[in-house]
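What follows is the residue order along each chain.
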Amino acid sequence: MFAYVIRRLVLFVPVLLGVSLIIFLVMRIVPGDAAYATLAGRGGEGIVTKEALATMRQRLGLNKPYPQQYLDWVWGMARLDFGTSLTTRVPVWQEVTQRLPITIELAVLTALIATAVAVPVGTFSALHQDTPLDYILRIVTIIGLAAPTFWIGTLTIMALVRYFDWIPPLGFSSVLDDPWTNFQQIIWPAVGLGYHHVAVIARMTRSSMLEVLRQEYVRTAWAKGLRQRMVINRHALRNAMMPVVTLIGVQFAVLLGGTVIMESIFSIPGMGRALIEGIQLRDYTVVQGCVVIFALLILIVNLLVDLLYAWLDPRIGYGTS
Amino acid sequence: MVNWRYQNVVGRPLVRLSSLLVAGVLVLSACAPSAAPAPQPAPSAQQSAIPAPPPATPTSAPSTPRPSAPATPAPASAPAATRTPSGATEQPKYGGVLAVRNPDPVSTFDMHQATRIDVSIPFSNVYIGLLRKDPVDGETVIPSMAKAWTISPDGTEYILTLQPGIKWHDGQALTTEAVAWSLNRMAHPPKGVISPRASGLLVGMVQAEALDAARVRITLDAPSGSFLDRLANDWITVLPKHILDKKQGDALDVVVGTGAFKFVRYNANVSVELTKNKEYFVPARPYLDGITFFIIPEDRTAFAALRTGRVQLTTVASRAISATEAELVESDPDLSKKILVERYASPSKNGFMPNNEIAPWKDARVRRAASLAMNRQAAVTIAKDAVIGGYLSPRTKWGIPVEELVKRPGFRQQKDQDIAEAKRLMADAGYANGIDIPLLCRLGFDCEQMAPLLGSDLARIGIRAKIVPTATNVLTEIFNKGQYNAALYSATAPLADPDSLLTSYLTGDGRNWSRFSDAQVDAWFREQSRTLDQSKRLEIVRKIEERLLELEPLPSLYFRDYLRARWRTVKGFRSGPDLFQDENLEYAWLDK
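Keep in mind that this is a model prediction, so the values were computed, not measured.

1. Describing the overall build of chain A
- Regarding its fold elements, chain A presents twelve helices and zero strands.
- Reading the helices (α) and strands (β) of chain A from amino to carboxyl end gives α-α-α-α-α-α-α-α-α-α-α-α.
- Evaluated residue by residue, chain A yields a buried proportion of 43% over its 321 residues.
- For chain A, restricting intrachain contacts to residue pairs at least 6 apart in sequence, the fraction spanning at least 24 positions comes to 73%.

2. Things to note about the overall build of chain B
- Along the backbone of chain B there are 18 helices and 20 strands.
- The buried share among the 592 residues of chain B stands at 53%.
- Within chain B, counting contacts between residues at least 6 apart in sequence, those at least 24 apart form 72% of the total.

3. Some remarks on the domain arrangement of chain A
Residue and element names in this part refer to chain A.
- As far as domains go, chain A holds domain 1 (10-92) and domain 2 (100-312).
- For domain 1 and domain 2, the distance between their C-alpha centres works out to 33 Å.
- The interface of domain 1 with domain 2 comprises 23 residues on the first partner and 15 residues on the second.
- Taken together, the elements giving at least two residues each to the side of domain 1 that touches domain 2 come down to helix H1 (2-29), helix H2 (34-40) and helix H4 (66-78).
- By residue number, the principal contributor to the side of domain 1 that touches domain 2 is H1, which donates eight residues.
- Looking at the side of domain 1 that touches domain 2 residue by residue, the class counts come to 14 nonpolar, seven polar and two charged.

4. A word on the sheet that holds strand S12 (residues 349-354) of chain B
All names here are of chain B.
- Ordered by their spatial adjacency, six strands build an open sheet running S13-S17-S12-S16-S14-S15, and the pairing between neighbours is mixed. Each having just a single partner strand, strand S13 (386-387) and strand S15 (463-470) make up the two edges of the open sheet.
- By the bridge criterion, eight bridges tie strand S14 (residues 435-442) to S15 in an arrangement that is parallel. Paired with Ile435 across the strands is Ile463, a residue of S15.

5. Focus on unusual backbone geometry
- Look at the link from Arg285 of chain B to Pro286 of chain B: it is a cis peptide, with omega at 5 degrees.
- Among the structural elements, Pro286 of chain B can be located in the loop between strand S9 (271-276) and strand S10 (290-295).
- The omega angle of the peptide bond from Ala359 of chain B to Pro360 of chain B is 0 degrees, so this bond is cis rather than trans.
- Note that Pro360 of chain B resides in the loop between S12 and helix H10 (364-373).
- One non-glycine residue with positive phi stands out, namely Asp130 of chain A, at about 65 degrees.
- By the secondary structure assignment, Asp130 of chain A is in the loop between helix H5 (92-127) and helix H6 (132-146).

6. Concerning the pairing of strand S6 (residues 205-210) of chain B
All names here are of chain B.
- Here S6 runs beside strand S7 (residues 215-220); their pairing, made up of five bridges, is antiparallel. Across the sheet, residue Ala208 finds its bridge partner in S7, namely Ile218.
- Hairpin connection from S6 to S7: four residues lie between these consecutive antiparallel strands.

7. Quick look at helix H14 (residues 445-459) of chain B
Residue and element names in this part refer to chain B.
- Counted at 1.5 Å a residue, the expected span for H14 with its 15 residues is 21 Å, and the 20 Å between its end C-alpha atoms agrees.
- The sharpest bend along H14 comes to roughly 40 degrees, located at Ala451, with the proline Pro452 sitting one to four residues further on.
- Every buried residue of H14 is listed here: Asp446, Met450, Ala451, Leu454, Asp457 and Leu458.

8. Structural notes on the environment of Ala427 of chain B
Residues and elements named next belong to chain B.
- Along the chain, Ala427 falls in helix H13 (residues 416-428).
- A count of 15 C-beta atoms within 10 Å places Ala427 in the partly exposed class.
- Considered as a pair, Ala427 and Val366 are 61 residues apart in the sequence and their alpha carbons are 9.2 Å apart.

9. Points about the confidence of the model for chain B
Residue and element names in this part refer to chain B.
- Averaged over chain B, the pLDDT score is 82; the fraction of residues at 70 or greater is 82%.
- Predicted confidence is poor over residues 1-11, with pLDDT under 50, and the contacts of this stretch with residues over four places away or in other chains come to ten contacts.
- Scored as a complex, the prediction yields pTM 0.82 and ipTM 0.84.

10. Some remarks on the sheet that holds S10 of chain B
Residue and element names in this part refer to chain B.
- Here we have four strands laid out as an open sheet, ordered S1-S10-S9-S8, and mixed in their pairing. Two strands bound the open sheet, and with one partner strand each, they are strand S1 (97-102) and strand S8 (261-267). The mean inter-strand angle of the sheet, taken between neighbouring strand axes irrespective of direction, is 20 degrees.
- One ladder, built from six bridges, connects S1 with S10; its direction is parallel. Looking across to S10, one finds that Val97 is bridged to Gly290.

11. Concerning the nonpolar core
- In terms of nonpolar packing, the biggest core is built from 170 residues, with Ile201 and Cys290 of chain A together with Leu98, Ala565 and Ala588 of chain B touching the most fellow members.
- Sort the elements by how many residues they give to this core and helix H10 (residues 228-265) of chain A lands first, with 15 residues.
- When residues are assigned to domains, this core turns out to be shared by domain 1 (10-92) and domain 2 (100-312) of chain A, each giving three or more.
- Excluding anything up to four places from it in sequence, Ile201 of chain A contacts Ala114, Thr115, Ala118, Gly122, Val244, Leu247 and Ile248 of chain A.
- Ranked by size, the runner-up nonpolar core spans 40 residues in total, among them Trp361, Met374, Met426 and Met450 of chain B.

12. A few points about the packing of helix H11 (residues 376-383) of chain B against H14 of chain B
All names here are of chain B.
- Their axes nearest at 10 Å, the elements H11 and H14 cross at an angle of 170 degrees. Of the possible angle classes, the one that applies to H11 and H14 is roughly antiparallel. Here Ala378, Ala379 and Ile382 of H11 lie close against H14, whose contacting residues are Gln449, Met450 and Leu453.
- A per-class count over the contact of H11 with H14 returns five nonpolar, one polar and no charged.

13. Looking at the environment of Gln129 of chain A
- Following the sequence through the fold, Gln129 of chain A ends up in the loop between H5 and H6.
- The sequence separation of Gln129 of chain A and Ile104 of chain A amounts to 25 residues, and the corresponding C-alpha distance is 36 Å.

14. Some details on helix H17 (residues 519-529) of chain B
Residues and elements named next belong to chain B.
- Taken as a whole, H17 has its buried residues at Val521, Trp524, Phe525, Gln528 and Ser529. Along the long axis of H17, the arc covered by the buried residues comes to 135 degrees, so they all point the same way. When the buried face of H17 is taken as reference, the exposed residues oriented beyond 90 degrees from it are Ala519, Gln520 and Ala523.

About the thresholds
Chains are numbered independently. Their residues run from 1 in the order of the written sequence. Each chain takes a letter, starting from A, and each ligand takes a number, starting from 1, following the order in which they are written. Per-residue local features are limited, in this predicted model, to residues with pLDDT of at least 70; the limit for side-chain atom pairs, both in listing and counting, is 80 or more; totals at the level of whole chains, interfaces and linings are taken over all residues. For helices the rule is a DSSP run of H or I covering at least 4 residues; for strands it is a run of E covering at least 2, with both sets numbered from the N terminus onward. Working definition of burial: number of other C-beta atoms within 10 Å of the residue's own, with buried at 20 or more, exposed at 12 or fewer, and partly exposed in between, all C-beta atoms being placed from the backbone. Throughout, a pair of residues is in contact if the C-beta atoms placed from their backbones lie within 7 Å. Each domain's limits were defined by an automated method or a database of domain assignments. When residues are sorted by character, Ala, Val, Leu, Ile, Met, Phe, Trp, Tyr, Cys and Pro go into the nonpolar class, Asp, Glu, Lys and Arg into the charged class, and all the rest, Gly among them, into the polar class. When DSSP finds two or more bridges between a pair of strands, those strands are recorded as paired. Each helix should span, by expectation, one fewer than its residue count multiplied by 1.5 Å. We define the bend at each residue as the angle formed by axes fitted to the 7 residues ending at it and the 7 residues starting at it. The pLDDT value expresses, per residue, how confident the predictor is, ranging between 0 and 100. The angle between two axes is taken between their N-to-C directions and runs from 0 to 180 degrees, where each axis is a line fitted to C-alpha atoms and a helix contributes only its stretch in contact. One nonpolar core equals one set of buried Ala, Val, Leu, Ile, Met, Phe, Trp, Tyr and Cys residues connected by C-beta atoms within 7 Å. Oblique is the label for any angle not under 35 degrees, not over 145, and not in the 65 to 115 range, which are roughly parallel, roughly antiparallel and roughly perpendicular in turn. Taking the helix axis as origin, the arc is that swept by the directions to the C-beta atoms.

In structure tokens, the structure reads:
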């Protein structure tokens, strides 16, 4: 198992290199000059003169050849120096350490909400297959699958304003400093984002449970006269959860993408919003840094999911005969 | 007992049908146009505006002395039909923290090198300008850091006398050396320092020097009719030389000013907090205890924050409040009781920009034909809060009035004669069979609404435009490089003065994106720029506008008013026509 983990960690390097090369090239191909965007701003209202543009290009290192820019950046990353933001001149690492905990808090809360709701919903739906309640739950989950995250987020804000004349407090309070304000700020995007993931996980849970409930050992458990709770929780659910766990891990990547939208709509200063602002302002270093960090997070989560899989199913072993 | 066998033959089709219905509803709602305001006709700003009482400065404020020597004749006030003075005759109240929206994270702490409003919005409250515009009429230049000024007879030398007793927020006294150093740093930035002021607001400044402990002399290379207005702009800031001298690097990374508010902290990507400067040299001000600028990039979220009172004031120009949101506020009785939408004249021009350097646009006949074909009345109707104009906004004193323009070809309601003339011009220019052009436009309103209108107008005379939606910052880059045929154009200038408004028609100017060149316009521009007599300036500026209307390098569609929204409890200030001039909240107070 240890060897397996080491192997996976070593494989992180070529994956991250590949990601870094792709994002580097993409940012250079996308139209728009970073120096110009830095001076003019998102709305183009900034004052840009030829002299300012030339000085800015030099200051940002944009007049160097692309291979040199890439190598400088990669070498910096190897030393945990992700460069400085082209627009704010703040070290990207500083931006990451400020913003990443916020995004992780949002992502974790979303995953918890989604799992806590989806597993019981999916189980309930499986146990009451083809009943009106099952249909209602399935319709609700289909809406969650079909509705775009940005639409749910925007609707949430609109509903809060329209019916309650209220939106979450502006700014962002840490959960350690002001838990109640933090809760008010984070719960809405988490619920909105969680809805989509509830749908996905609930449907998988339902399918998985239906399959497990048809197994011989479950029939045996029923035949023995065990109570329903015992049959479901002790015998069926654990086996049904295996594909669900895999799905949660895969969904984490999707969830990180969803935080980008929700952070913009709810004005939460996380990594997602940094990514959006960086793209709009052609802030190469921030975008590249965020994408590499996101890629690393996804790799770590996938590794953890694989290890969890082995724990759930003792038959699965990595690197053992 | 669980029945997991699938026996219900009705259930599955029902689920499928319900799913299809739900998906269909979602698709239709996604494709529907943006929410329109309530069907009741919205009251116009003029109808709903509080009748203007005679403007008066807050009575508790000590009056600052006017310049002792006669300066240039004060410019005649522009018609202010759309302005709404706020609380002009009420006694200001002290206290409260105002919440304002800032559209982006702060990009720099160095005001000399800043180019974007995310910096000027908060920090123009930390720094007091040398001069400023009267907060009541928004146009008259009044003393600020400088209590008086004199101008030499030839107009090339300005001597400013500073107010005594002004201190930096760290307790150090303000010196004339710091003032001179700041002006020189902006006008002639050292290597590695970016200062857009050098070729913008301070163009023509030779040097600034401290004459003694109270006076600063500014020397220009030629007289300038707009220099005082330029000095009164929020971008002209005096920075702490004593701090920058001690640190390495070329940019200021602290915020220490002399203004009515002190910098408290910048919560990265979240907010900028300012607090009242109790040692401000005007003892009666400011009235607010503090200001918090919340960074809200998303415009719809910002509107939600305004509606719910999380912020009480929006920022200027395109990031304030949209025309649709303004209508929504004004048509909702509950909202309109709480929130006031103000409209004020802006120099922002929206128009059609052909590339004057390439065919067919280098032929003035084709440009003139395009201008004749444009249906400006329809454009104004679609744009809302807009007015027909020539090359300078008719809502400023410099532009040809609307009443006069609408009688002219191209601007009049009846288009038959104009279309016939346009077709004749196209034929004379060799384009009797028409021409295909790509028409670049900014993503959003321009592409969705204005481009189709313009396209159909041009199609009437054989110019077949293919609309090419483009992101804003990409568009400005393309314009800068001249890599386009024709585009919808929208731009503004930091100052509502011809020296700022007309630079985009000067040969070789960095903002002359249309690549227009006319020696006569260049000569007249120089002449009006050096004329101190404002009425004489106006005559020359009119000649320039007439010439531009004849050559049509960049036919206008409309001039859009600036919109700004604030809670009615926020009083004491008004916005002016200059883009970066009304962010100082020294006079603002909360009526709670």
